[in-house]
Amino acid sequence: MPCRISLWPLLCSLLYLLPTSSAAQVCISDYFHVRYTTPTVQNLQRAVLTGKNELLLAGEVMRPNSVLLDGWVTLLSPQGTLLWSRRYTSVLYNYVRFVKALPIGNEGYMVAGNIGNVDTTTVPPGIITQLGFVMRIDKQGNILWSRVFVKMLVGEKVVDIADMLAGPDGDFVMGVNYAAAVNSANILCRITKDGGIKWTLRLHAGSRGGGYAAPRLSWLKNGNIAVANYIRLYDIGSPGVTTREGYYAACIHYDAGLVEWERLYVWNGTPSNRERNFGVVAQITELPSGNLSFITSQADTAYFYFRKSTRVLNFLTDKTGSLLQVLAYKSAQPPIYASAAVQTGTNGHQAILFDNADAPALMEIDAAGAIVWQKNYPQTGRSQETKDLLATPYGFYFFSFTHDGGSTDPHLVKTDLQGAASCLEGPKALSMSDVSGSFVQQPFNLDVDVNPASLQGIVALNMVDYPFTSNTLCKISCCEDVVDTAATKELCNATSYTLPNNYVVTTSGTYPIVYTTQKGCDSIVYFPVRFSASPAVDLGPDDCLKDKDSVVLLAPPGYASYNWMGSISSNNRYVIRQPGNYWVSVTNSCSTVRDSVEILEDCAFTINMPNAFTPNGDRQNDVFRVPPSVRNRLVQLTIYNRYGQIVFESAINNTAWDGRVKGIPQPIGTYAYTLVMETLNGQRIVQKGFVSLIR
């Protein structure tokens with residue numbers, strides 16, 4: 001039963017926030033399939049779980065009616081309900097791509113990706129420049145700061161941030177693919193949550209030259225970082241000619257940013273100079289023994305894009321990366337491509353997400369690489385490309401989308417712990433084989449540069465809502481998300497507003513408040529908040545008509561209507577052709593504000609300054625000032641005593657000197673003044689003279 005908003009504080013607290021009883025357990029056997037519809041083409045890059053098991057998505061979306069890209073971050077509830085979705089666009093850059101977003105405790109999220117410009121005259125658009133980019137946002141997606149990498153990370157046009165880890169101390173480590181005509185490299189960089197750089201490490205093949213894909217990072221139990229990636233090595237005498245290809249793995253010391261060990265696993269087949277035979281590393285897992293497992297894909301007979309790879313590979317190594325075994329998982333009907341994998345529990349098991357360019361599939365393997373179970377989900381839809389996989393104590397989430405050249409229908413599937421989602425399943429048969437003979441470990445020493453880099457603050461992005469709809473196609477669950485929307489909170493001339501959950505907002509938007517119900521679903525209330533300010537109406541200073549046909553008055557744009565001297569108009573411009581007093585009033589939800597201006601016939605006025613004044617309090621000639629009849633604009637009035645000291649100065653019209661300095665009456669005598677004014681048409685007038693102070 002939905003909580004209606006008028007009773008929301010009471011009903012939600014009574015019906016959904018009661019302590020969990022022994023009979024009301026969290027759902028652990030549910031599954032569902034949700035298809036979303038986005039307003040433009042989208043591409044999910046990575047998804048992670050928050051501390052509340054919410055799903056945090058990052059990627060890119062096309063701008064409306066354009067092939068240009070904006071960054072995209074979305075937060076979903078554990079049941080797939082949209083909490084908020086934001087699009088990040090730029091007027092300085094036409095290409096914004098987010099790779100991953102990670103929680104920063106309870107403070108918000110760190111987002112990593114790439115920003116740059118593309119050539120829109122080519123198909124597809126060619127990259128002109130691409131910079132590494134990090135951004136910190138609050139819990140509702142509002143931008144706190146954004147920065148780009150400078151120095152060594154922008155020597156060439158393509159810097160591709162590919163992965164990011166959250167450290168135990170609040171820092172972050174990013175893996176970067178640095179693509180260049182020469183000296184391509186992988187780069188690792190450790191930064192603080194406030195954007196300071198701790199260390200930067202550049203890994204490259206040196207004089208041999210090499211090409212790389214997107215590096216994958218993973219934590220090891222000893223607190224260091226494992227990195228693995230595809231690599232192709234070139235002929236020293238013939239740059240660009242591939243002599244070897246396969247994968248490298250390395251261990252990086254987290255505190256020092258130095259290489260502990262590195263290994264190279266070379267395919268013994270014939271390398272291709274035109275096509276890359278290997279996919280990116282989907283997962284690095286440290287097994288209970290300390291040994292390592294690297295999951296990836298290979299097209300042993302054809303190029304892997306789109307989905308021509310024929311086997312999923314599992315490289316098993318010891319704890320220092322020495323190769324022990326390579327296992328292959330194949331389907332009777334290729335292709336097969338592993339897009340993601342996750343560790344399940346502490347026994348070394350892994351779940352692997354893959355597809356055959358048509359249907360998503362999952363399998364679980366044990367620490368030795370043997371298949372435990374496998375599931376196929378053909379009812380998800382045709383031409384499904386899988387994207388990412390998440391593991392929880394209650395089952396798996398995976399994402400896919402329709403690979404049709406422009407998908408607006410991302411899919412979210414939740415299964416149970418054995419991958420069950422009966423409304424989606426179909427037959428699938430995978431086989432495992434030992435292909436260790438296809439690869440050989442070779443001596444390898446990465447050239448390492450510990451070069452400094454820095455982050456430079458930019459104000460390049462604007463955040464806008466990116467709402468989309470959902471359709472639950474099948475669901476077996478012991479509870480449902482309860483969703484409602486509160487009345488819009490209109491705020492006038494306010495700088496902040498505290499939501500019922502004590503979260504303080506400072507910008508207009510729709511903010512979800514989430515409470516977990518007894519059985520683990522969410523009670524969600526969307527609170528629309530709109531900040532407004534009283535109209536800022538300023539018609540400017542008085543003006544003149546001399547030597548002009550007309551004067552145009554401008555009120556601030558963006559309002560529904562304008563009241564010009566009692567006449568309602570939608571135009572914020574008003575044309576004056578006769579002298580007189582004119583006014584406009586503007587109304588919004590906060591107030592009505594009025595401003596007036598006088599339009600004069602003449603633009604210049606003769607200045608006849610008084611030659612004496614008597615500041616004795618009789619209200620007769622008590623001050624020295626520009627006469628009110630002079631309508632020129634005051635630039636500066638400065639008054640000096642006989643010693644040349646300034647006793648009074650002002651740039652404000654209608655101000656006057658009362659014969660005092662800091663409240664002390666000045667002696668009688670003669671004072672000099674300099675008066676600078678501008679006529680109403682901007683001509684400067686300078687007049688000097690003397691005035692007598694008489695008491």
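In what follows, the accompanying structure is described. (Residues numbered from 1 in each chain as written. Predicted model: local features only at pLDDT ≥ 70, side-chain atom pairs only at ≥ 80, totals over all residues. Heavy atoms only, no water.)

## A word on the overall build of the protein chain
- The secondary structure content of the protein chain amounts to 1 helix and 55 strands.
- Expressed as a percentage of the 695 residues in the protein chain, the buried residues total 52%.
- At a minimum sequence separation of 6, the contacts of the protein chain that also span at least 24 residues come to 57%.
- Taken as a whole, the protein chain presents about 30,200 Å² of accessible surface, with 51% of it coming from carbon and sulfur. (Helix = DSSP H or I, 4+ residues; strand = E, 2+ residues; numbered from the N terminus. Buried < 20%, exposed > 50% of the residue type's maximum accessible area, 1.4 Å probe, protein only. Contact = heavy atoms within 4.5 Å. Areas by Shrake-Rupley, 256 points an atom, 1.4 Å probe, with all protein chains shown as cover.)

## Some details on the pairing of strand S3 (residues 55-62)
- Burial runs high along S3: 7 of the 8 residues are buried.
- Here strand S2 (residues 42-49) runs beside S3; their pairing, made up of 7 bridges, is antiparallel. Bridge pairing links Arg46 to Ala58 in S3.
- Between the antiparallel neighbours S2 and S3 lie 5 residues, among them Asn53 with a positive phi of about 65 degrees.
- Bridge analysis of S3 against strand S4 (residues 69-76) gives 8 bridges, and the strand direction is antiparallel. The residue bridging Val61 from the neighbouring strand is Asp70, located in S4.
- Hairpin remark: S3 followed by S4, antiparallel, with 6 residues in the connecting loop; positive phi at Asn65, about 55 degrees. (Pairing = 2+ DSSP bridges.)

## Description of the pairing of strand S28 (residues 395-402)
- Across the 8 residues of S28, 8 count as buried, placing the element largely inside the fold.
- Here strand S27 (residues 384-392) runs beside S28; their pairing, made up of 8 bridges, is antiparallel. Bridge assignment links Ala391 to a residue of S28, and that residue is Phe396.
- The pairing of S28 with strand S29 (residues 411-415) spans 5 bridges and is antiparallel. In the strand pairing of S29, Ser400 is matched with His411.

## A word on the state of the cysteines
- Per the counting criterion, the structure on display carries 3 disulfides.
- Between the sulfur atoms of Cys423 and its disulfide partner Cys474 the distance amounts to 1.9 Å. Residue Cys423 is found in the loop between S29 and strand S30 (430-434), and its partner Cys474 is found in strand S35 (residues 469-476); the two are separated by 51 residues along the sequence.
- The residue that forms a disulfide with Cys544 is Cys603, at a sulfur-sulfur distance of 1.9 Å. One disulfide, between Cys544 and Cys603, carries an S-S torsion of 95 degrees and so falls in the right-handed class. Of the two residues, Cys544 sits in strand S42 (residues 543-544) while Cys603 sits in the loop between strand S48 (592-600) and strand S49 (612-613), which places them 59 residues apart along the sequence. This pair shows no difference in class: Cys544 is buried, exactly as Cys603 is. (Disulfide = S-S within 2.5 Å.)

## Observations concerning the sheet that holds strand S19 (residues 283-286)
- One open sheet accounts for 5 strands, arranged S19-S20-S21-S22-S30; its pairing is antiparallel. On the outer flanks of this sheet lie S19 and S30, each paired with one strand and no other. For this sheet the average axis-to-axis angle between neighbouring strands, irrespective of direction, equals 20 degrees.
- When strand S21 (residues 311-317) meets strand S22 (residues 323-331), the two strands line up antiparallel, connected through 6 bridges. Looking at the pairing, Leu313 lines up with Ala328 of S22. (Axes fitted to C-alpha atoms, helices over the stretch in contact; angles between N-to-C directions.)

## Side note on the sheet that holds strand S51 (residues 646-650)
- If you trace the 5 strands from one edge of the open sheet to the other, you get S49-S55-S54-S50-S51, paired in mixed fashion. If you trace the sheet from one side to the other, it starts and ends with S49 and S51, each paired once.
- In terms of strand pairing, strand S50 (residues 633-640) meets S51 through 4 bridges, oriented antiparallel. Along S51, the bridge assignment pairs Thr638 with Glu649.

## Description of a nonpolar patch on the surface
- A contiguous nonpolar surface patch, about 230 Å² in accessible area, is contributed by Leu258, Val448 and Val450.
- Mapped onto the fold, Leu258 is located in the loop between strand S17 (238-252) and strand S18 (259-267).
- Accessibility expressed as a relative area gives 42% for Leu258, which makes it partly exposed. (Patch = residues over 30% accessible without salt bridge, like charges linked within 9 Å, V, L, I, M, F, W, Y side chains within 5 Å. Salt bridge = Lys/Arg side-chain N within 4 Å of Asp/Glu carboxyl O.)

## Focus: the nonpolar core
- If you look at the biggest cluster of nonpolar residues, it comprises 44 residues, and the most contacted ones within it are Phe98 and Ile115.
- With 22 residues, the next largest nonpolar core counts Ile284, Phe294, Val326 and Val435 among its residues. (Core = buried A, V, L, I, M, F, W, Y, C linked by side-chain atoms within 4.5 Å.)

## Let's talk about the packing of aromatic side chains
- Using the criterion set out here, one finds 28 aromatic pairs in the structure.
- Note on Trp72 and Phe468: the rings are 6.4 Å apart at their centroids and 75 degrees apart in plane angle, and the pair reads as edge-to-face. With Trp72 in strand S4 and Phe468 in the loop between strand S34 (462-465) and S35, the pair connects residues that are 396 residues apart, well separated along the chain. Both residues of the pair, Trp72 and Phe468, belong to the buried class.
- Ring centres of Trp657 and Tyr671 lie 5.3 Å apart, and the angle between their planes is 70 degrees; this geometry places the pair in the edge-to-face category. (Phe/Tyr/Trp six-rings, centres within 6.5 Å; stacked < 30°, edge-to-face > 60°.)

## Some thoughts on the environment of Leu353
- Note on placement: Leu353 falls in strand S24 (residues 349-355).
- Sequence-wise, Leu353 and Ala340 are 13 residues apart; in three dimensions their C-alpha atoms are separated by 5.2 Å.
- The residues touching Leu353, leaving out its near neighbours within four places in the chain, are Tyr337, Ala338, Ser339, Ala340, Ala361, Leu362, Thr386, Lys387, Asp388, Leu389, Phe398 and Phe399.

## Brief notes about unusual backbone geometry
- In the segment running from Pro334 into Pro335, the intervening peptide bond is cis, with an omega of 10 degrees.
- Within the secondary structure, Pro335 is located in the loop between S22 and strand S23 (337-344).
- Even without being a glycine, Asn493 presents a positive backbone phi close to 55 degrees.
- Tracing the chain through its elements places Asn493 in the loop between strand S37 (489-492) and strand S38 (497-498).
- In this structure, Asn654 takes a positive phi of about 70 degrees despite not being glycine.
- With respect to the helices and strands, the residue Asn654 is situated in the loop between S51 and strand S52 (660-661).

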